[in-house]
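What follows is the residue order along each chain.
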Amino acid sequence: MDHFKQSRGLTRRECEVLDHLIAGSSSKAIARKLGISPRTIEDHRARILQKAGVKTTAQLSIMALKDRAAAFGRRTVH
C-alpha cells in the first residue's frame, strides 16, 4: 500500500484517510477519529480519488488492494 500512496503523491493526512476508507469506515467515523470535520474528510476523499484516477471508493479500494498484492508478490522469494 505504501507504493500506492507514494506513487499517487498522497499527503500524510490523505494516507490516513485512505487507510480508514479502505477499512470501510464512514466519513463521520473517520472525522471523529482524526478530530476533523466530515466535510474535510470528503474533501480529502475527493482528492484521493482524483489522484488515483478513479470515481468511486470501491474502485479505489480495489486498486489499492491490487497494489498491496503486487507488492507482496514482489517480496516473495520463489
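In this text the structure is predicted, and so the values were computed from the model without any measurement.

(A) Representation of the pattern of salt bridges. Applying the stated rule across the entire model yields seven salt bridges. Glutamate 14 is the partner of arginine 47 in a salt bridge, and the nearest nitrogen-oxygen pair spans 3.3 Å. Here the residue arginine 47 occupies a position in helix α4 (residues 38-52), and glutamate 14 occupies one in helix α2 (residues 12-22), the gap between them amounting to 33 residues. The partly exposed category is assigned to arginine 47, whose relative accessible area is 35%. Of the residues examined, glutamate 14 reaches a relative accessible area of 2% and is grouped as buried. In this structure, arginine 45 and glutamate 42 form a salt bridge, with 3.7 Å as the shortest nitrogen-oxygen distance. Highlighted residues: arginine 45 and glutamate 42, both in helix α4, separated by three residues, approximately one helical turn.

Thresholds applied
Residues numbered from 1 in each chain as written. Predicted model: local features only at pLDDT ≥ 70, side-chain atom pairs only at ≥ 80, totals over all residues. Heavy atoms only, no water. Salt bridge = Lys/Arg side-chain N within 4 Å of Asp/Glu carboxyl O. Helix = DSSP H or I, 4+ residues; strand = E, 2+ residues; numbered from the N terminus. Buried < 20%, exposed > 50% of the residue type's maximum accessible area, 1.4 Å probe, protein only.

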